[in-house]
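Okay, here's what each chain looks like letter by letter:
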Amino acid sequence: MSSTIVSLPDQSTARIPKINFITKENGLLSWLLTSDHKRIAILYLISITFFFTIGGALAGVIRLELLTPQSDLMAADTYNKVFTMHGVVMIFLFLVPSVPATLGNFLIPLMIGAKDLALPKINLLSWYLYIAGGILVLYTMISGGVDTGWTFTTPLSTHYVNTNVLTTGMAIFIAGFSSIFTGLNFIVTIHKMRAPGMTWFRLPLFVWSNYAASILMVLGTPVLAIALVLVALERTVGIGVFDPTKGGDPLLFQHLFWFYSHPAVYIMILPGMGVISEVISAFSRKRVFGYTAVAFSSVAIAVFGFFVWEHHMFIMGVSSYSMLVFSLLTMLVAVPSAIKIFNWTFTLYKGSITFETPMLYAFGFMGLFTIGGLTGVFLGTSGTDIHLTETYFIVAHFHFVMVGGMLMAYLAGIHFWWPKITGRMYPEKISQLAAVVTFIGFNFTFFPQFILGTLGMPRRYAAYPPEFQILNVFSTAGATILGVGYLLPILYLTWSLKYGEIAGNNPWQATGLEWQIQSPPLTENFLEVPVMDHDAYDYEWLERQKEKEVASAG
Amino acid sequence: MNHISPVIWQFFVKWLTNFELYPPEASRIAPQMDALYFFMVLVSLIGLTIVILLVTSFCILYSKKRHPVAVQIEGSTLLEATWTIIPLGLFLIMFVWGALIYFRVYTPPANAMNIYVVGKQWMWKAEHPGGQHEINSLHVPTGQAVQLTLISQDVFHSFSIPAFRVKREAIPGRYTTVWFEPTTPGTYHLFCTQYCGTNHSQMIGDIVVMTPDDFKKWLAESTSGASLAQNGERLFASLSCNACHNGRPDARGPNLANVYGSKLTLTNGQTQTADEAYLRESILNPSEHVTQGFSPIMPTYQGQISEDGVIALVEYIKNLNSNYRVDQTLNTTGLLPEGEGKVAPAARGSTARGMVKQ
Amino acid sequence: MSEHLDHEHEGGPKNDYEEHHIVSPAVYATIFAALLVATGLTVGASYIEMGVFNPIVAIGIAVIKATLVVLFFMHVKYSSKLTKLTVGAGLFTFLALIGMTLSDYISRAWGRW
Amino acid sequence: MPDSPAIAHDELETGHPAHPSYQRHHFATMDQQADATSFAMWLFLLTEIMFFGGMFTAYLIYRNWYYPAFVAGSHQLSIFWGTLNTGVLISSSFTMAMGVWYAETRRKQGLVLCLIATFVLGLGFLGIKSIEYAEKIEKHHVPGLHYSVKSFVDPASDKAASEYGDKPLALDMARHTELYFFLYFAMTGMHALHMIIGICILGYMIFRARAGDYTDGHISFVENFGLYWHFVDIIWIFLFPLLYLISRHA
Ligand code: HEA
Ligand code: HEA
Ligand code: CUA
Ligand SMILES: [Cu+2]
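Residues numbered from 1 in each chain as written. Chains lettered and ligands numbered in written order. Predicted model: local features only at pLDDT ≥ 70, side-chain atom pairs only at ≥ 80, totals over all residues. Heavy atoms only, no water.

Caption draft 1: Structural detail: the site of ligand 2. Residue and element names in this part refer to chain A. If you check the shell around ligand 2, you find 32 residues, and the closest are R63, Y79, H86, H399 and R460. Between ligand 2 and the protein, one listed contact pairs an oxygen atom with a backbone N or O atom of W150 at 2.9 Å. Here an oxygen atom of ligand 2 sits 2.6 Å away from a polar atom, N or O, in the side chain of R460. Here the shell around ligand 2 gets seven residues from one element, more than from any other, and that element is helix α4 (residues 76-95). (Near = heavy atom within 4 Å. Polar contact = N/O pair within 3.5 Å; in protein donor to acceptor, adjacent residues only side chain to side chain. Helix = DSSP H or I, 4+ residues; strand = E, 2+ residues; numbered from the N terminus.)

Caption draft 2: Geometry of the coordination of the iron atom of ligand 1. All names here are of chain A. Protein coordination of the iron atom of ligand 1 is limited to a single donor, H397 (NE2), which sits 2.2 Å from the metal. The distance between the iron atom of ligand 1 and the copper ion (ligand 4) is 4.5 Å. Tracing the backbone shows H397 in helix α15 (residues 392-422). (Donors = N, O, S within 2.8 Å, 3.2 Å for Na, K, Ca; no water.)

Caption draft 3: View of the packing of aromatic side chains. Tallying each qualifying case throughout the model produces 97 aromatic pairs over all chains. Each ring, one from Y426 of chain A and one from W508 of chain A, has its centre 6.2 Å from the other, and the planes form 35°; the classification is tilted. In this pair, Y426 of chain A sits in the loop between α15 and α16 (428-455) while W508 of chain A sits in the loop between α17 (469-499) and α18 (539-553), placing the two residues 82 residues apart along the sequence. On the basis of relative accessibility, which here comes to 3%, the residue Y426 of chain A falls in the buried class. With a centroid separation of 5.0 Å and 45° between ring planes, the pair formed by Y133 of chain D and F185 of chain D is classed as tilted. (Phe/Tyr/Trp six-rings, centres within 6.5 Å; stacked < 30°, edge-to-face > 60°. Buried < 20%, exposed > 50% of the residue type's maximum accessible area, 1.4 Å probe, protein only.)

Caption draft 4: Representation of the pattern of salt bridges within the structure. Tallying each qualifying case throughout the model produces 20 salt bridges over all chains. For D214 of chain B, the salt bridge identified is with K217 of chain B, shortest N-O distance 3.8 Å. With a gap of three residues between them, D214 of chain B and K217 of chain B both fall in helix α4 (residues 212-221), about one helical turn apart. With a relative accessible area of 34%, D214 of chain B lands in the partly exposed category. Since its relative accessible area comes to 51%, K217 of chain B is described here as exposed. In this structure, the salt-bridge partner of E132 of chain D is K129 of chain D, at a minimum N-O distance of 3.1 Å. On the criterion of helical spacing, the pair formed by E132 of chain D and K129 of chain D is a turn pair, its members being three residues apart in helix α4 (residues 108-138). The exposure class assigned to E132 of chain D is buried, which follows from its relative accessible area of 1%. Judged by relative accessible area, which is 2%, K129 of chain D ranks as buried. (Salt bridge = Lys/Arg side-chain N within 4 Å of Asp/Glu carboxyl O.)

See below:
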């Protein structure tokens with residue numbers, strides 16, 4: 001552990017508490033039938049990591065194929081299946097549940113001083129739905145795959161492909177309900193289960209941003225569900241709603257799909273933003289600058305996020321007048337993100353900054369998300385969208401926000417709370433190395449794609465004109481580095497389960513309620529209901545707290 | 001931006017293009033779009049630099065070593081307002097500028113030359129008015145506004161010419177348009193950018209920009225004998241459209257001469273400009289908009305004519321400015337039985353239908 | 001520092017539990033009768049030719065009926081602000097979906113796009 | 001947190017504060033639990049609204065586009081059955097509301113009766129719906145399954161259509177009635193599915209209520225089910241005019 005960390009008196013003598021949520025019960029069934037939010041979070045963590053490896057392996061295959069201009073590694077339709085599965089797995093089985101279902105599940109009750117989520121059984125049901133969806137996706141993959149792209153564009157998906165659209169659709173439908181129930185659970189919990197004194201403006205920002213994301217999950221996902229049901233019906237009985245030859249409008253599908261899928265990108269990023277708030281505050285030992293602005297900007301993103309979906313359809317034949325409205329609103333929704341970035345930056349001002357791994361990932365997030373977000377504005381601007389849409393510029397944009405942004409935030413969060421979850425530290429030096437490797441590999445992989453996109457290279461191409469090869473080789477090389485960067489944490493985090501240093505209750509000296517209890521926590525989290533008598537990120541309160549303990553110990 | 005300093009601009013773009021970091025500018029809209037693009041790049045770089053500079057300098061100044069005790073600060077409304085308003089203002093500039101370009105790209109000028117493009121899995125078929133067909137290539141002259149009328153026969157495709165900075169989706173069941181004015185002769189990429197199934201990446205081709213003289217030569221060489229309108233005429237006869245649209249005072253269908261571009265009044269009281277899309281709809285879904293004074297007796301040709309055929313018919317009707325041709329092709333097939341679907345003669349005739357050439 | 005945020009939010013969430021309000025059967029019966037009458041009205045109205053007003057009247061009556069059900073049968077009239085807000089949020093997003101989608105369809109006819 | 005109650009000590013505290021069996025351990029009070037579950041139910045209803053929202057959007061678009069087809073299509077529905085069904089469903093909503101009242105006032109007999117009435121009325125609704133469906137199936141008005149446009153291109157051959165004096169639709173417009181019927185089946189079908197689920201739960205509740213549950217002050221389940229049932233009623237309140245009434249006049 002780095003020497004920069006102040007040690008609490010109990011730190012030196014720390015040991016893993018004998019009774020905690022992990023050791024409480026034993027046996028596989030005690031896990032599979034648990035209703036403890038912390039155990040469910042662990043179940044999610046394992047399954048999500050599994051699907052991330054699959055998605056990552058598929059990404060590797062994509063990059064290998066794109067090493068050469070011809071489609072020589074595999075046939076075009078195999079390639080199409082590969083990127084479709086990559087998109088489906090990464091979005092629905094990895095990134096949407098990533099932070100909320102693991103860290104959110106684990107931490108929200110702890111942070112607000114509750115014993116569990118409001119609906120523990122529903123929480124477990126969520127996980128089973130997720131697994132059912134995941135198994136269906138695996139089944140699809142084994143039984144021939146699907147090649148519609150993750151966007152299921154009609155009428156391609158309804159009339160022109162004969163791959164497993166139905167099973168994939170069903171998988172996403174089911175996984176969607178998993179996400180609805182998670183969101184529902186969070187909202188109820190945050191409203192109804194807060195400890196005494198835990199007012200809205202004392203909530204950690206992580207809770208705020210998960211709350212905002214939950215609103216999007218609850219209100220957006222059902223529209224995706226109905227869109228998928230309609231696709232399934234169109235495929236099986238030919239109802240005609242999306243079929244132009246029967247008078248239907250294929251664009252209607254786009255409207256319904258993006259009504260969910262645009263808010264979904266904020267479902268993906270908002271919880272990550274919450275992680276960044278916590279991490280930046282903890283390692284600069286300072287209250288988050290402009291707490292209320294950051295909190296409200298999450299809600300603003302959630303609300304405005306519902307009004308911009310048409311920016312995915314600007315050249316698809318929507319009315320130019322409604323394009324104007326949606327483009328304008330896209331500009332508005334970009335502002336709260338800018339607010340957040342600057343507030344995090346100014347949280348550093350006059351702080352006392354240390355550079356542990358989570359902080360490195362957080363810095364990575366800030367830089368890469370800014371690039372990704374600003375290029376999103378390029379796409380939201382209708383004029384430039386004409387040139388850039390459906391090219392690698394988009395691919396670069398969303399990997400910058402999703403991988404550079406959210407995945408970095410996820411890793412920041414995993415490292416940050418690892419000691420709380422497992423009771424042990426991760427190895428600091430190698431993890432710092434991994435963070436740097438990831439950052440370098442990431443830029444190598446995805447920055448060239450902006451240039452490729454500007455040059456006009458279309459996305460979803462198995463073969464491309466030879467003059468684009470140099471940049472593609474860069475990208476593939478970068479992906480290899482990136483893969484190593486992601487492999488490392490999987491390895492050393494597993495290693496640390498057994499050999500990591502014992503962490504103690506509060507290794508980072510952070511202020512959140514979750515840090516004031518033992519790690520790993522007890523099944524019932526708190527023995528007495530905690531009473532919140534200070535604001536979030538009140539480091540002075542923590543100082544006083546420490547003095548008191550030293551006094552009583554001495 | 002090119003009006004500010006054309007020399008520097010051109011040097012910059014040339015330099016980027018030479019290193020294949022930037023696509024060539026080969027249409028009138030391209031420099032305009034690039035001006036906006038580089039404006040946005042500039043703003044982004046400045047924004048990013050500000051963020052990075054702030055973060056690094058704070059990290060250095062306030063690292064634990066130099067600044068062991070953090071000073072707690074609540075926030076600052078003034079700063080909050082600053083970084084709300086400045087990005088918002090910049091984004092709004094981009095929005096307005098972008099919208100101007102968007103409308104420019106999708107509003108063809110009146111004198112544009114029209115080329116039809118049909119997308120299907122997995123090829124592009126372009127049809128010039130003179131009857132020249134091209135597969136996966138498109139020949140266009142410089143200095144002439146070219147309008148594309150696009151349609152897809154199956155799924156969504158997208159017609160993309162990076163060097164022109166234009167792109168438009170070809171949609172099943174509906175015409176869409178885009179236009180450009182090529183400026184530099186050469187051969188440029190044509191891509192299908194909307195994922196459309198297995199061979200999506202093979203749905204590519206060449207845009208050949210020629211000088212007007214070369215283009216004339218090319219047109220003459222590649223003519224297939226019959227113009228698009230002539231093909232349409234043949235279809236018009238063989239589908240017995242002229243049984244009803246024969247331009248006679250007692251015809252059961254409206255007179256189609258000069259119908260293109262006119263404002264029609266429909267039975268539901270709405271007015272409608274007869275553009276290509278309207279003509280197409282009238283053939284495939286005639287009863288969706290019935291012209292005033294007629295009853296919805298026209299049969300639907302949905303599923304009976306290919307998109308190419310519809311295009312030929314549309315082109316024929318567009319060029320129909322007198323009844324002479326209809327009379328000539330009349331009666332290659334027998335007349336349909338008289339009687340049903342007729343309306344009072346007073347309601348007929350071009351002026352009675354409120355047909356005004358726009 | 002953090003002082004000024006405190007205290008006015010005293011009490012935390014515990015205070016906003018709904019005290020349980022029992023609606024009397026008389027109210028239920030009145031609402032029931034009103035719903036039946038409204039159903040009769042809307043059916044009757046559908047037989048009268050009113051042009052564009054036919055759908056407006058029908059939807060108007062449906063909205064009134066739904067409001068009655070939500071307010072009384074579902075007790076929203078007597079519920080906490082939070083429940084009211086939830087209903088409002090649902091309505092808002094529902095209208096956003098329909099309204100913003102239709103904004104595209106309606107304005108498509110305005111130009112040649 | 002002056003005395004840091006949040007710091008747990010290693011030894012597990014023995015003995016919970018006593019609470020009723022139906023209170024889940026992680027809630028502090030019964031009020032909190034009731035409140036949380038009812039809020040959760042409301043949120044669930046929000047997702048339902050959005051789920052139906054997609055279909056309402058489709059309906060509005062296509063009604064606008066293919067008005068004549070929607071007119072002809074709605075002439076095929078029977079106002080009589082529709083009105084009757086509306087009455088049945090509203091009554092079931094009323095009995096459900098009364099059921100909640102009986103539960104609140106702890107009257108077992110009344111509660112059981114009301115639940116049974118709701119159950120029966122719900123079944124009645126489905127029965128009437130299946131009469132209507134059967135007629136559509138007979139006439140080949142089920143989209144995708146041998147759909148026939150005969151009633152619309154040749155209204156004289158069809159009783160319902162000739163009653164309204166429908167004019168024959170051109171073939172292309174007549175084909176769009178399939179969209180109308182799809183929306184009809186999708187919306188009423190989805191609604192019926194919700195009814196079926198509701199009726200199953202009602203059956204279970206009757207069983208439990210007779211055993212004396214819900215009248216012991218713990219009425220969350222009945223209340224929340226009531227919310228669900230009323231919501232299903234509201235959906236129908238909108239479906240009825242949209243599908244049956246507003247497109248009557250050509
Ligand atoms: C986590 C996911 C995520 C996030 C957060 C975002 C965020 C944004 N996205 Fe992105 N987007 C995707 C994931 C995401 N996107 C995906 C997956 C696709 C492709 C889907 C597909 O087709 O497969 C996509 C596609 C996409 C498109 C469609 C392109 C097309 O198909 O033509 C558009 C268009 O408007 C867009 C815009 C935006 C905007 C404006 C934001 C904004 O929210 C960004 C806001 C952030 C900032 C603006 C940065 C911070 C700002 C500053 C630090 C200020 C800088 C200072 C100054 C300007 C002075 N995105
Ligand atoms: C969360 C979302 C997410 C994440 C994390 C990623 C991660 C990556 N993605 Fe992906 N991507 C999408 C979401 C995501 N992607 C989506 C939605 C699409 C659009 C699909 C569509 O068009 O329908 C897409 C499309 C897409 C394309 C475009 C395909 C095309 O249009 O033709 C490319 C091409 O380079 C790409 C590359 C990568 C790479 C190199 C990574 C890397 O970051 C991944 C690195 C990770 C690993 C490599 C795993 C870690 C390593 C191990 C566990 C060891 C085992 C690994 C191996 C044996 C290789 N992705
Ligand atoms: Cu056609 Cu892609
Ligand atoms: Cu978006």
